[in-house]
Amino acid sequence: MSGLSIGDIIFQLVMFGFLALFLVSFSLFIKRMVVTKSVQNRQSDETNEKLDRIITLLEEKQGQK
């Protein structure tokens, strides 16, 4: 017996390929989640600033009456 047959080598290569594919996919998923969260936070901050400006303008208008 020579130790590893061609079938064993192919099987191990396929398994290492699946492992590498999983690790790359998982890291890209985490990266996308982080980027999406930062965009959502920025949009939320912009919305809050606009609402604050609207409230300020309404309060000024109420004060003038």
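Look up: the structure comes first, before these words.
In this text, all values refer to a predicted model and were calculated from it rather than measured experimentally.

1. Quick word on the overall build of the protein
Part 1: Check the secondary structure of the protein and you find one helix and zero strands.
Part 2: Computed over the C-alpha atoms, the radius of gyration of the protein is 28 Å, more than 25% above the 11 Å expected from 2.2 N^0.38 for a compact globule of 65 residues.
Part 3: With the C-alpha coordinates of the protein rotated into their principal frame, the extents come out at 100 × 10 × 5 Å.
Part 4: Going through the 65 residues of the protein one by one, you find that 0% of them count as buried.
Part 5: Accessible area of the protein: about 6,300 Å², with a carbon and sulfur share of 66%.
Part 6: The positive charge centre, built from 8 side chains, and the negative charge centre, built from 7, are 6 Å apart in the protein.

2. Considering the packing of aromatic side chains
Part 1: The tally for this structure, following the rule as stated, stands at one aromatic pair.
Part 2: Relative to F26, the ring of F22 lies with its centre 6.0 Å away and its plane at 15°, an arrangement referred to as stacked. Of the two residues, F22 and F26 both sit in helix α1 (residues 6-64), four residues apart, roughly one turn of that helix.
Part 3: Since its relative accessible area comes to 51%, F22 is described here as exposed.

Parameters and conventions
- Residues numbered from 1 in each chain as written.
- Predicted model: local features only at pLDDT ≥ 70, side-chain atom pairs only at ≥ 80, totals over all residues.
- Heavy atoms only, no water.
- Helix = DSSP H or I, 4+ residues; strand = E, 2+ residues; numbered from the N terminus.
- Rg over C-alpha atoms; globule rule 2.2 N^0.38 Å.
- Buried < 20%, exposed > 50% of the residue type's maximum accessible area, 1.4 Å probe, protein only.
- Areas by Shrake-Rupley, 256 points an atom, 1.4 Å probe, with all protein chains shown as cover.
- Lys, Arg positive; Asp, Glu negative; His and termini not counted.
- Charge placed at Lys NZ, Arg CZ, Asp CG, Glu CD.
- Phe/Tyr/Trp six-rings, centres within 6.5 Å; stacked < 30°, edge-to-face > 60°.

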